[in-house]
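Here are the chains, one letter per residue:
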Amino acid sequence: MFWVLLLLLAWAAAGTSCTRLCLAAVRAAAVDADVARGHDLTLYEAAFLSGGPARVADLTLVSMARQRRLLLAHTGWATVVDPRGRDDMERSVIGAIGPEGQSRIAPVRATAAAADSVRRLADHLVAVGLAVPDGARTTVAGAVRQVQAATAAVVALGAVALLLPAQTTGNEVPVAVWFALPLVLTLSCLAIARIEVHPYTRWASPAGQRLLGTLARRADEAGDDRTYLTSVAVRGVRAIGEPDLRAAFTHRDRSPERRGW
């Protein structure tokens, strides 16, 4: 009956890990619905909830380029036309380009994404319950990894038990059936986490996801320049329609010193 001890270990691993995952998911979803209700997302907020700080930087670059206040070349260079930023995000981009007024787009995106303005935007979204805090994202991801490890442990313990003599109980129930129960528990938790947790744990909370859907529908009805920028905010640079502008974000120059236009 040594296999019973192995079964208890399997249940302990499965129960502990699944409980941790459930608690982490509940904490991640615990948003203040009253504060989130009625909140109108700005394009910067939509960009952050959809793709994080990098998406905010991309949206700012595209917005300034469409207003002809910034030139984005297909060779991957950004040139300042209007040095006066209209908000903190634009001033961060202009500052990232530098005093020469020209820079590679890749480092500009990275610097702008790490700017204080983006950090303040993230803190605000977390405060109103539309974004998931960094700690919650880390907690849920760690809990998922623990459940995955518990799944592997249950399989290993079950395999060891099957190699032991007397592999049936007094009621002739196979040992494998008993180990299948904690295995089903862990696999079910992983499946539910994939469906319910995975879509929003990176940036947007459930309330944030609902507002993103509302923003997209309103933009489709408007049919103006905001629709275009909303698509970039939600889907990223792949939503850019102009080939040259899209190439500016994907260009890989083998010669950093060449600034061809």
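These figures come from a predicted structure and were not determined experimentally.

Rules behind the numbers
Residues numbered from 1 in each chain as written. Predicted model: local features only at pLDDT ≥ 70, side-chain atom pairs only at ≥ 80, totals over all residues. Heavy atoms only, no water. pLDDT = per-residue confidence, 0-100. Contact = heavy atoms within 4.5 Å. Salt bridge = Lys/Arg side-chain N within 4 Å of Asp/Glu carboxyl O. Helix = DSSP H or I, 4+ residues; strand = E, 2+ residues; numbered from the N terminus. Buried < 20%, exposed > 50% of the residue type's maximum accessible area, 1.4 Å probe, protein only. Core = buried A, V, L, I, M, F, W, Y, C linked by side-chain atoms within 4.5 Å. 1 Å grid on protein atoms, 1.4 Å probe; cavity = no way out; pocket = protein on both sides within 12 Å on 5 of 7 lines; lining within 4 Å. Points joined across faces, edges and corners; volume = space filled by probe spheres on them. Nonpolar A, V, L, I, M, F, W, Y, C, P; charged D, E, K, R; others polar. Pairing = 2+ DSSP bridges. Axes fitted to C-alpha atoms, helices over the stretch in contact; angles between N-to-C directions.

Visitor: What exactly am I supposed to notice about the confidence of the model for the chain here?
Guide: Any region with low pLDDT has predicted coordinates that should not be read closely. Of the residues in the chain, 82% have a pLDDT of 70 or more, and the chain-wide mean is 83. Contacts of residues 253-261 to residues separated by more than four positions or lying in other chains number 17 contacts, the stretch itself having pLDDT below 50.

Visitor: For this particular structure, what's the right way to read the pattern of salt bridges?
Guide: Pairing between side chains becomes possible if they bear opposite charge and their charged atoms approach one another. One pass over the full model with this rule turns up seven salt bridges. A salt bridge links E90 to R69, with the shortest nitrogen-to-oxygen separation between them at 2.6 Å. Here E90, found in helix α5 (residues 88-97), pairs with R69, found in the loop between α4 (53-66) and β1 (70-72); they are 21 residues apart in sequence, far enough to count as distant. Residues E90 and R69 agree in their burial class; the two are buried. A salt bridge links R119 to D116; the shortest N-O distance between them is 2.4 Å. Of the two residues, R119 and D116 are both situated in helix α7 (residues 116-127); the distance of three residues between them amounts to about one turn of the helix. In this structure R119 comes out as partly exposed when scored by relative accessible area, which is 43%.

Visitor: I keep staring at the nonpolar core and nothing clicks. Help me out?
Guide: The tendency in soluble globular proteins is for nonpolar side chains to be buried side by side. Within the largest apolar cluster, 48 residues are counted, with the highest numbers of intra-cluster contacts made by F48, L49, L72 and F249. Looking at this core element by element, the count peaks at seven residues for α4. What F249 contacts, discounting residues up to four positions off in sequence, is D58, L61, V62, L72, I105, R109, V237 and I240. Membership of the second largest hydrophobic core comes to 10 residues, among which are L7, A14, V154 and L157.

Visitor: Any chance you could explain empty space enclosed by the protein here in plain terms?
Guide: Over the atoms rolls a probe the size of a water molecule, and in doing so it shows where empty space is left. All chains considered together, the criterion is met by one cavity of 30 Å³ or more. Here the largest cavity defines a volume of roughly 40 Å³. Lining the largest cavity are V56, A57, T60, M89, S92, V93, A112, S117 and V118. Among the elements of the structure, α4, α5 and α7 are those that each provide at least two residues to the lining of the largest cavity. Among the residues making up the lining of the largest cavity, the classes are represented as six nonpolar, three polar and no charged.

Visitor: Got a minute to help me understand the sheet that holds strand β2 (residues 77-80) in this structure?
Guide: Think of a sheet as strands paired side by side through backbone hydrogen bonds, with each pair either parallel or antiparallel. Within the open sheet, the three strands sit side by side as β1-β2-β3. Their pairing is antiparallel. Two strands lie at the open edges of the sheet, namely β1 and β3 (102-104), each paired on one side alone. Sheet twist, expressed as the average angle between the axes of neighbouring strands with direction ignored, equals 20°. In this structure, β1 lies alongside β2, joined through three bridges in antiparallel fashion. Its bridge partner lying in β2, L72 is registered against A78.

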